[in-house]
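Observations on chain architecture
Now for the letters of each chain:
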Amino acid sequence: MDPAVVTYALAVLSGAVVGLLLGVFGGGGSVLATPLLIYLVGVRDPHVAIGTSAAAVAVNALAGLAVQARAGRVKWPCALVFGGAGLAGSLVGAHLAKQLDGGVLLLWFAAAMALIGGSMLLPKKNAGDPAVHLTAALTARLAPAGLVTGLAAGFFGIGGGFLIVPGLMAATGMTLAHAGASSLVSVSLFGAATSASYAASGLVDWPLFVALVVGGALGVLASDPVARRLSGRADVARRMFAVMVIATAAYVAWRSLA
């Protein structure tokens with residue numbers, strides 16, 4: 001079989017896995033895109049893998065944002081302040097990451113994965129104010145939090161949802177449902193900015209990007225029946241996924257050091 005066909009088929013499969021996990025578990029799933037591109041698809045340059053996955057994450061987040069916006073769950077003023085402040089941070093983070101050696105960058109990426117996995121093991125609280133409105137005091141808290149989160153998202157080439165959601169909740173007191181929906185604004189902005197920075201340096205593989213997006217759409221479509229079947233065991237399934245993320249982080253670190 002043509003090696004190129006195998007490569008793109010594996011990229012579609014990788015996108016489907018990420019889309020399925022995102023649809024079932026929400027935040028954290030996109031962090032697997034870069035390891036899948038490197039160790040399954042065979043992308044040799046970690047920078048290309050990060051830039052390509054960031055572009056795909058941005059598209060997936062936009063699709064999710066459209067759904068959440070129609071449902072009226074997005075707190076637009078708060079989301080735009082957080083995302084706007086983080087946009088500058090994501091560009092700085094992406095620039096810094098491109099200066100690092102690929103192996104060193106993967107070690108940092110592995111550390112971020114371990115933190116994401118650990119955060120998924122923490123209990124989720126949904127308490128909050130569903131009618132929260134943007135004020136001057138909230139703006140003063142949202143902007144710095146967004147800047148720091150955007151810096152991390154740009155540096156690691158991830159959506160950053162695991163940081164954005166608790167950041168929005170801590171800064172505004174909004175509910176988990178509203179924070180999850182509103183976080184997609186930032187995920188879209190950070191992913192687009194990061195991928196644009198990498199693309200300007202020729203570090204995005206556009207055919208692989210298309211394959212990831214196609215696979216991601218298929219995975220999201222398949223996630224609804226899977227999520228319904230896991231509804232009674234959601235906490236157990238989420239913990240198993242978190243352990244998988246931590247184990248993948250250990251593998252990425254081991255391969256980088258080896």
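You'll find the structure just up there.
In what follows, the accompanying structure is described.

Reading the values: the criteria
- Residues numbered from 1 in each chain as written.
- Predicted model: local features only at pLDDT ≥ 70, side-chain atom pairs only at ≥ 80, totals over all residues.
- Heavy atoms only, no water.
- Helix = DSSP H or I, 4+ residues; strand = E, 2+ residues; numbered from the N terminus.
- Expected span 1.5 Å × (residues − 1).
- Buried < 20%, exposed > 50% of the residue type's maximum accessible area, 1.4 Å probe, protein only.
- Polar contact = N/O pair within 3.5 Å; in protein donor to acceptor, adjacent residues only side chain to side chain.
- Contact = heavy atoms within 4.5 Å.
- Phe/Tyr/Trp six-rings, centres within 6.5 Å; stacked < 30°, edge-to-face > 60°.
- 1 Å grid on protein atoms, 1.4 Å probe; cavity = no way out; pocket = protein on both sides within 12 Å on 5 of 7 lines; lining within 4 Å.
- Points joined across faces, edges and corners; volume = space filled by probe spheres on them.
- Nonpolar A, V, L, I, M, F, W, Y, C, P; charged D, E, K, R; others polar.
- Axes fitted to C-alpha atoms, helices over the stretch in contact; angles between N-to-C directions.
- Parallel < 35°, antiparallel > 145°, perpendicular 65-115°, else oblique.
- Left-handed = near helix turned anticlockwise from the far one by under 90°.
- Core = buried A, V, L, I, M, F, W, Y, C linked by side-chain atoms within 4.5 Å.

Here we come to helix 5 (residues 102–120). Between its terminal C-alpha atoms helix 5 stretches 27 Å, which fits the 27 Å expected from 19 residues at 1.5 Å a residue. By the burial criterion, the buried members of helix 5 are Gly-102, Leu-105, Leu-106, Phe-109, Ala-110, Ala-112, Met-113, Ile-116, Gly-117, Ser-119 and Met-120. Between the side-chain oxygen at the start of helix 5 and the backbone nitrogen of Gly-103 there is a gap of 2.9 Å, and the oxygen is on Asp-101.

Here we come to helix 3 (residues 46–70). Between its first and last C-alpha, helix 3 extends 36 Å over 25 residues, near the 36 Å set by a 1.5 Å rise per residue. Regarding helix 3, its N-cap is Asp-45, as a side-chain oxygen of that residue lies 2.9 Å from the backbone nitrogen of His-47 further along. One or two residues past the end of helix 3 sits Gly-72, with phi positive at roughly 75°.

Examined against the element boundaries, Ala-79 turns out to sit in helix 4 (residues 76–98). Taking the relative accessible area as the measure of exposure, Ala-79 reaches 1% and is therefore buried. Those residues in contact with Ala-79 that sit more than four places away from it in its chain are Ser-182, Val-185 and Ser-186.

Turning next to the packing of aromatic side chains. Think of a pair of aromatic rings as described by two things: how far the centres are apart, and how the planes are tilted against each other in angle. Under the defined criterion, the tally for this structure stands at 5 aromatic pairs. Taking the centre distance of 5.3 Å and the plane angle of 75° together, the rings of Tyr-39 and Tyr-251 count as edge-to-face. Residue Tyr-39 is found in helix 2 (residues 33–41), and its partner Tyr-251 is found in helix 10 (residues 234–257); the two are separated by 212 residues along the sequence. Here Tyr-251 falls in the partly exposed class, since its relative accessible area comes to 35%. Between Trp-108 and Phe-155, the aromatic rings sit 6.2 Å apart at their centres with planes inclined by 90°, giving edge-to-face as the arrangement.

All right, on to empty space enclosed by the protein then. What the rule picks out here adds up to 1 cavity of 30 Å³ or more. Estimated volume of the largest cavity: approximately 50 Å³. Around the largest cavity sit Gly-15, Val-18, Ala-33, Ser-53, Ala-56, Val-57, Asn-60, Leu-212 and Gly-216, which together line it. Contributions of two or more residues to the lining of the largest cavity are made by helix 1 (3–25), helix 3 and helix 9 (206–229). For the lining of the largest cavity, the class distribution of residues is 5 nonpolar, 4 polar and no charged.

Turning our eyes to something else, we now look at the packing of helix 3 against helix 5. Remark: helix 3 packs on helix 5, axes separated minimally by 9 Å, with the N-to-C direction vectors making an angle of 50°. Taken together, the axis directions place helix 3 and helix 5 in an arrangement best described as oblique. Facing helix 3, whose interface residues are Pro-46, His-47 and Ile-50, helix 5 presents Gly-102, Leu-105 and Leu-106. Of the residues belonging to the contact of helix 3 with helix 5, the class tally is 4 nonpolar, 2 polar and no charged.

The next subject is the packing of helix 2 against helix 3. Where helix 2 contacts helix 3, the two axes come as close as 9 Å, and the packing angle between them is 135°. If you check the angle between helix 2 and helix 3, you find them oblique. Helix 3 is crossed by helix 2, and the crossing has right-handed handedness. Judged by residue contacts, Ala-33, Thr-34, Leu-37 and Ile-38 of helix 2 engage Pro-46, Ala-49, Ile-50, Thr-52 and Ser-53 from helix 3. A class-by-class count of the residues in the contact of helix 2 with helix 3 yields 6 nonpolar, 3 polar and no charged.

On to the nonpolar core. Core analysis: the largest hydrophobic core is formed by 43 residues, its most contacted members being Val-31, Leu-32, Val-43, Met-113, Ile-158 and Tyr-198. Every element with two or more residues in this core is listed here: helix 1, helix 2, helix 3, helix 4, helix 5, helix 6 (136–156), helix 9 and helix 10. Considering each element in turn, this core owes the most residues, 8 residues, to helix 5. Residues contacting Met-113, with those up to four places away along its chain left out, are Val-31, Leu-32, Pro-35, Val-245, Thr-248, Ala-249 and Val-252. Core analysis: the second largest hydrophobic core is formed by 23 residues, Cys-78, Leu-142, Ala-171 and Leu-184 among them.

Relative to the assigned elements, Ser-195 resides in helix 8 (residues 176–200). Exposure remark for Ser-195: the relative accessible area of 8% places this residue in the buried category. At 2.9 Å, the side chain of Ser-195 and the backbone oxygen of Gly-191 are in polar contact. A distance of 3.0 Å separates the side chain of Ser-195 from the backbone oxygen of Ala-192, its partner in a polar contact.

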